[in-house]
Amino acid sequence: MKLALKIWRQDGPKDPGRMTRYDIDGVSEDSSFLEMLDLLNEQLIAKGEEPVAFDSDCREGICGMCGVVINGEAHGPERTTTCQLHMRSFKDGDEIVIEPWRADPFPVIKDLVVDRSAFDRIIQAGGFISANTGSAPDAHATPVPKDDADRAFMAAECIGCGACVAACPNGSGSLFMGAKITHLGELPQGQPERDARVIAMTEEHDHLGFGGCTNLGECTRACPKGIPLNVISQMNADLRHAGYGRR
Amino acid sequence: MAVTGLLFIGFLLVHMYGNLMILLGPEAFDEYAEHIRTVGEPMIPEKGVLWVLRIGLLASLVLHVWSAVTLWGRAGKARTTRYVMKRPGYGNFYAKAMRWGGLAILLFVIFHLLHLTTHTITFGEPEPTPAGRVLESFSQWWGVLIYVVAMVAVGMHLLHGIWGACMTLGLNTSLKRAEQIRFVSILVSTIIVVGFLIPPFAILLGLVK
Amino acid sequence: MTDMLIEGLYREGEPIADTKAPSGDIAQKWTKRKFDAALVNPANRRKLDVIIVGTGLAGAAAGATLGEAGYNVKSFCYQDSPRRAHSIAAQGGINAAKNYKGDGDSIYRLFYDTVKGGDYRSRETNVYRLAEVSADIIDQCVAQGVPFAREYGGLLDNRSFGGVQVSRTFYARGQTGQQLLIGAYQALERQIAAGTVQMFARHEMLELIVVDGKARGIIARDLVTGEIETHMADAVVLASGGYGNVFFLSTNAMGSNVTADWRAHRKGAYFGNPCYTQIHPTCIPQTGDHQSKLTLMSESLRNDGRIWVPKRAEDCDKDPRQIAEEDRDYYLERIYPGFGNLVPRDIASRQAKNMCDEGRGVGPAVDGVRRGVYLDFADAIARLGEDAVRAKYGNLFDMYERITGENPYQVPMRIYPAVHYTMGGLWVDYDLQSTIPGLFVAGEANFSDHGANRLGASALMQGLADGYFVLPNTIRDYLAKGPFPEVAADDPAVVEAEQQVKGRVEQLLSINGTRSVDSYHKELGKIMWEKCGMERTDAGLREAIEEIRALRADFWRNVRVLGVNETLNQSLEKAGRVADFLELGELMCIDALHRRESCGGHFRAESQTEDGEALRHDDEFAYVAAWEWGGEGGAPILHKEDLVYEFIELKQRSYK
């Protein structure tokens, strides 16, 4: 395949950055999107140009490290991670525009690499169950209804890639946050901290500069794991229950 | 935003009920209009309830707009560098239209108040009764057209607004519930739009005189 | 012991006499050790600094647990967040001797299965402890909110995994590793918020600092700014994972590397059993040179799929559905009628290679050879119906289709073995302490409890056992001697380590040759895969050693690393890692060459039975090979730790 790539190049956090066009030939339809970028980088190195920086690690769709906006869509045209997107989803001769996640809480580090540590800070605010090592009762001490366990699992599938933020016209991290709140809130183990968790996480989210949710649903359409929008509603329900704003 | 939005929906339903009175004849409509002013008399002075409602609605409006503007501002700050390429055809058109559509509705409401509440704007000779004003306005095709456009905007706003309000109130807790909410938002929006458009068309087509 | 070069490649040093395991009955050893290990007064803990490199199951669990205990933890990972560590990709499950199914499982049985699965090349004491703490892991994870699969009654579900006879595997659909890691990650983030753990993401450890014979810190590079930072501590824990990426193509993450382990090795830590690698039979085959990694599909596929190749090489490019039943060779069912398609991983892998080497492989040819065999669900679909197959394997089938573009409900899947896990790693004693005092190694990074082969669903168990329960209990015995005297910033050991790192970075950036880092990595991977992969021969390994040496020399003359140190520079990161792989690869080949027996994942063509099965030589090789760095250009030194089996009888395994 032959492709025209327009890629965001930015030397560092302070560089204003620019779109640069590269023509690439000899791309296999069976290669993944990132392998296509690998090939481009090999060609750039051969020409003495610095390769395009992009994040990736597991390349099997689970670590959440990869992610670029392809032709205006977070992770590209298929509902999967960038690493699992394959070139057969494109046509020979296509022009492909590649940009980093755009959100002010995710500043660009270089080219297509952004800093997503804001997500870690949201988890630090309360996205956990306080259970010190060694203090746990037997795993069968608390049965969990299967439906609750399944819903918790569904929400726990979030890989923290940030596509929800990238796709959201408001730059909101509500889907990420709602997924964690739903995961922990569905389980009996998560109840003692449930109210405090939702308040602390949403306050941290807003403080970090993410936008608010207007329920457009772009996040769930971009989510490679298909986290449903109802986790956001669950978060709102929990917030109401926790008496947010009435303290 | 959700709470004030739902208050507006309640208001719209009552307003719609009142409008439909005109189908029973101008007298019934005028009687209803008069009754709003005198409800609770003599315990409450004339227009007392009306003003309470007006102030309540105005406060809701301020809160609603203030929330919207805050969200809009946060969204702007959350993405100061825009994408070079936007996803073609993202989202539902009516959901995207919340902000500009909301502004359009706000302008219409001002127009509407100037037209039928303060009578600053008239569509012809000044008429002494509420029913007379309504009949005069909607016997002209462009009068109806203005209200049709406004109602379409209101319908779109409600379609996403009801969905969003249910989300914000935490009612969407499963995929099945999401479908129910979608259904209710379509149903309520349709009832309101159709309910509001029946009188103008009835008047235009000469069914009410 | 001799000063003589053996085979021209290595020397032999003193054997390792003591692994510091307590004496007595095996079931009491761990209790005894926990009691004997010195305690650290809670008030003193905050005066003690511990560095942990890596945030996978072992590293995150250890970081969280030590943080909770009140130590000052500094945690490092090269990824942008601790949650990305490659433990996340484990699919199948985690073993624990809970016996919730009442099917006769016990600590002893898990211990026995693990030793047997490791082909009697693991240390009994460590394995028993692993089995002993396995049950606590499940309790801990459930308390953290890990959403394990449950039955309708609300209790945890178990399945049998990897051919064992009991159901002891806990799982969270096909994402067990993800759920366990997120649990550990959240516990770690909780400690970061509490201020007991300081997180250094996008930092890579590039050198170990050893002062007065003790591990006292690391040199790390901030991958964003390029700054070379010195971090000091009272103890250093490496939990940096395995080194399967030495093969370039593996199921490991792109960034998985041996650098932390290798830098410690060069500073005196012995490297245990480097040649023991596990090759997983059910991966998606390579399609071409563009490929950057291989994707594993859960072994559970072999429960219902039938593996075959065409009987005749000329049928190999036909549509498999057009090949008549009598022209198919269901080779595992033919050779191993008893176990059929469920033979252990190494056998399934090696037979697939044999079929392809015979020219009967299927799928696209890479470098002239078709490397793939069919895994056919047609019978299962006919027997169970497509819906039942979808319910069981739907996510795997979807993944396969996404990657290959073929629909496995209609066309047989193609699979091929791929490097998946490395049993070898830094040698540690019972306390998980390496041969450098104060340097502890946990999880896949240590030479581990798995012997020559790891059972399915045991990697997660070991990572969490080390991190949550073993290391926090053993490291305190060492830390109780601290805090150690502060090391000055201009201490010669610190300055030297800094200079080494800076010098290496400068050197890599200044060579400015003609070949990319990836091209070296690919070439090394090919050598390793061909000659130190599923089947190893004396001649092949000797060739490999020569080729790796030549490649390494060429690398340092001709590699091209563009850009500068002062920004994010992924080529530079890769170059450092590949440079270390180029040294490790040679040691792996030397280890494989010296072990003239077949055991577990290590198959030496010269050591097989008449039927072509792996043949162990317990009289000669029942030991751990712990390799000492022999200096730049010097030969590595072999130290043997004899494996003494007091509780389990050694048996030659048979799957016929």
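Small disclaimer: the values here were computed from a predicted structure and weren't measured.

(A) Broad picture of helix H8 (residues 175–204) of chain B. All names here are of chain B. Look at H8: 43 Å from first C-alpha to last across 30 residues, which is about the 44 Å you get at 1.5 Å a residue. At Ile198, H8 shows its largest kink, close to 30°, and the proline Pro199 lies no more than four residues downstream. Gly206, located one to two residues past H8, shows a positive phi value of around 80°.

(B) Inspection of the pairing of strand S13 (residues 277–283) of chain C at higher detail. All names here are of chain C. Counting buried positions over the seven residues of S13 gives seven, a clear majority of the element. Here five bridges tie S13 to strand S19 (residues 413–422), and the two strands are oriented antiparallel to one another. Note on S19: the bridge partner recorded for His280 is Ala418.

(C) Just the UniProt feature "active site" (unreviewed entry) in chain C, in detail. Residues and elements named next belong to chain C. Under the local residue numbering, the UniProt record ascribes the feature "active site" (unreviewed entry) to Arg345. Within the element layout of this structure, Arg345 appears in helix H9 (residues 345–357). On the basis of relative accessible area, Arg345 is assigned to the buried category, the value being 8%. Residues contacting Arg345, with those up to four places away along its chain left out, are Phe161, Gln278, Ile279, His280, Pro281, Glu299, Arg302, His420, Arg454 and Gly456.

(D) Quick peek at the UniProt feature "transmembrane region" (unreviewed entry) in chain B. All names here are of chain B. Summarizing the sequence annotation, UniProt attributes the feature "transmembrane region" (unreviewed entry) to residues 51–72, 93–114, 144–171 and 183–208 in the numbering used throughout. Between the C-alpha atoms that bound residues 144–171 the distance is 37 Å, and the span itself is 89% helix and 0% strand. The distance from the first to the last C-alpha atom of residues 183–208 is 33 Å, and the span holds 85% helix and 0% strand.

(E) Structural view of the interface of chain B and chain A. The partner chain A presents 41 residues to the 33 residues of chain B that form the contact. Of the roughly 2800 Å² buried between chain B and chain A, counting both surfaces, carbon and sulfur atoms make up 50%. Joining chain B to chain A, the criterion identifies one salt bridge. Across the chain B-chain A interface, the total number found is 23 residue pairs in polar contact (both at pLDDT 80 or more). When residues of the side of chain B that touches chain A are traced back to their parent elements, those giving at least two are helix H3 (48–78), helix H4 (93–96) and helix H7 (141–168) of chain B. Looking at the side of chain B that touches chain A, the element that brings in the most residues is H7(B), giving six residues. In the side of chain B that touches chain A, the residues fall into 15 nonpolar, 10 polar and eight charged.

(F) Fine view of the pattern of salt bridges. Residues and elements named next belong to chain C. This model, assessed by the stated rule, comprises 79 salt bridges over all chains. Put simply, Asp618 and Arg121 hold a salt bridge, and the shortest N to O gap is 2.8 Å. With Asp618 in helix H17 (residues 618–621) and Arg121 in the loop between helix H4 (107–117) and helix H5 (124–144), the pair connects residues that are 497 residues apart, well separated along the chain. Linking Arg604 and Glu606 is a salt bridge whose minimum nitrogen-to-oxygen distance equals 2.9 Å. For Glu606, a relative accessible area of 46% puts it in the partly exposed group.

What counts and how
- Residues numbered from 1 in each chain as written.
- Chains lettered and ligands numbered in written order.
- Predicted model: local features only at pLDDT ≥ 70, side-chain atom pairs only at ≥ 80, totals over all residues.
- Heavy atoms only, no water.
- Helix = DSSP H or I, 4+ residues; strand = E, 2+ residues; numbered from the N terminus.
- Expected span 1.5 Å × (residues − 1).
- Bend = angle between axes of the 7 residues up to and from the residue.
- Buried < 20%, exposed > 50% of the residue type's maximum accessible area, 1.4 Å probe, protein only.
- Pairing = 2+ DSSP bridges.
- UniProt positions renumbered as here; feature names shortened; annotations may be inferred.
- Contact = heavy atoms within 4.5 Å.
- Buried area = accessible area lost by both parts, 1.4 Å probe.
- Salt bridge = Lys/Arg side-chain N within 4 Å of Asp/Glu carboxyl O.
- Polar contact = N/O pair within 3.5 Å; in protein donor to acceptor, adjacent residues only side chain to side chain.
- Nonpolar A, V, L, I, M, F, W, Y, C, P; charged D, E, K, R; others polar.

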